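The residues making up each chain are set out below.
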Amino acid sequence: MDIPLHPTLAESIAAAKVNGKMTFLLTEFGKPFTANGFGNKFKDWCRQADLPHCSAHGIRKATLTRLAERGATPHEIMAVGGHRSLEEVERYTAKARRSAMADSALRKL
């Protein structure tokens, strides 16, 4: 996958002191998180912040939904989400604001 960095994230990375390493979040043992380990730890942080309904996966879904609401094509959403099929994208975008997208579609007539 080749996804450009959001400018705000690029600024944060540039400001970080990483000593030549590109690992920013480490476990309590000083090791890089695995994908599952990070998801679990993120969920713990959400619970600690009194946001038990939030998760790393939820952020991904929200990002893809927001892209859909702002007019991104399914193939653009696939590229950002790393999906291989339109069916996968549909799962993430099913809750996109359909009325806003319908309004947008009708303006194109």
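Residues numbered from 1 in each chain as written. Predicted model: local features only at pLDDT ≥ 70, side-chain atom pairs only at ≥ 80, totals over all residues. Heavy atoms only, no water.

## Re the overall build of the protein
Inference 1: Looking only at helices and strands, one finds six helices and zero strands in the protein.
Inference 2: Secondary structure elements of the protein occur, N-terminal to C-terminal, as α-α-α-α-α-α.
Inference 3: What you see for the protein is a C-alpha radius of gyration of 17 Å, clearly larger than the 13 Å of a compact globule of 109 residues, by over 25%.
Inference 4: Projecting the C-alpha coordinates of the protein onto the three principal axes gives extents of approximately 55 × 30 × 25 Å.
Inference 5: Taking all 109 residues of the protein together, the buried fraction comes to 13%. (Helix = DSSP H or I, 4+ residues; strand = E, 2+ residues; numbered from the N terminus. Rg over C-alpha atoms; globule rule 2.2 N^0.38 Å. Buried < 20%, exposed > 50% of the residue type's maximum accessible area, 1.4 Å probe, protein only.)

## Quick word on the pattern of salt bridges
Inference 1: The final tally for this structure, using the stated rule, is one salt bridge.
Inference 2: R47 is paired through a salt bridge with D44; the nearest N and O atoms lie 3.2 Å apart. Here R47 pairs with D44, and both are found in helix α2 (residues 35-48), just three residues apart, close to one helical turn.
Inference 3: In this structure R47 comes out as partly exposed when scored by relative accessible area, which is 48%.
Inference 4: On the basis of relative accessible area, D44 is assigned to the partly exposed category, the value being 31%. (Salt bridge = Lys/Arg side-chain N within 4 Å of Asp/Glu carboxyl O.)

## Structural notes on unusual backbone geometry
Inference 1: One non-glycine residue, D50, lies in the positive phi region at around 60 degrees.
Inference 2: Residue position: D50 is located in the loop between α2 and α3 (56-69).
Inference 3: Judged by relative accessible area, which is 64%, D50 ranks as exposed.

## Remarks on the layout of surface pockets
Inference 1: Considered as a void within the structure, the largest pocket measures approximately 490 Å³ in volume.
Inference 2: Examining the composition of the lining of the largest pocket, we find that three residues originate from one element, helix α1 (residues 7-15), more than from any other.
Inference 3: Here the residues of the lining of the largest pocket sort into eight nonpolar, one polar and no charged. (1 Å grid on protein atoms, 1.4 Å probe; cavity = no way out; pocket = protein on both sides within 12 Å on 5 of 7 lines; lining within 4 Å. Points joined across faces, edges and corners; volume = space filled by probe spheres on them. Nonpolar A, V, L, I, M, F, W, Y, C, P; charged D, E, K, R; others polar.)

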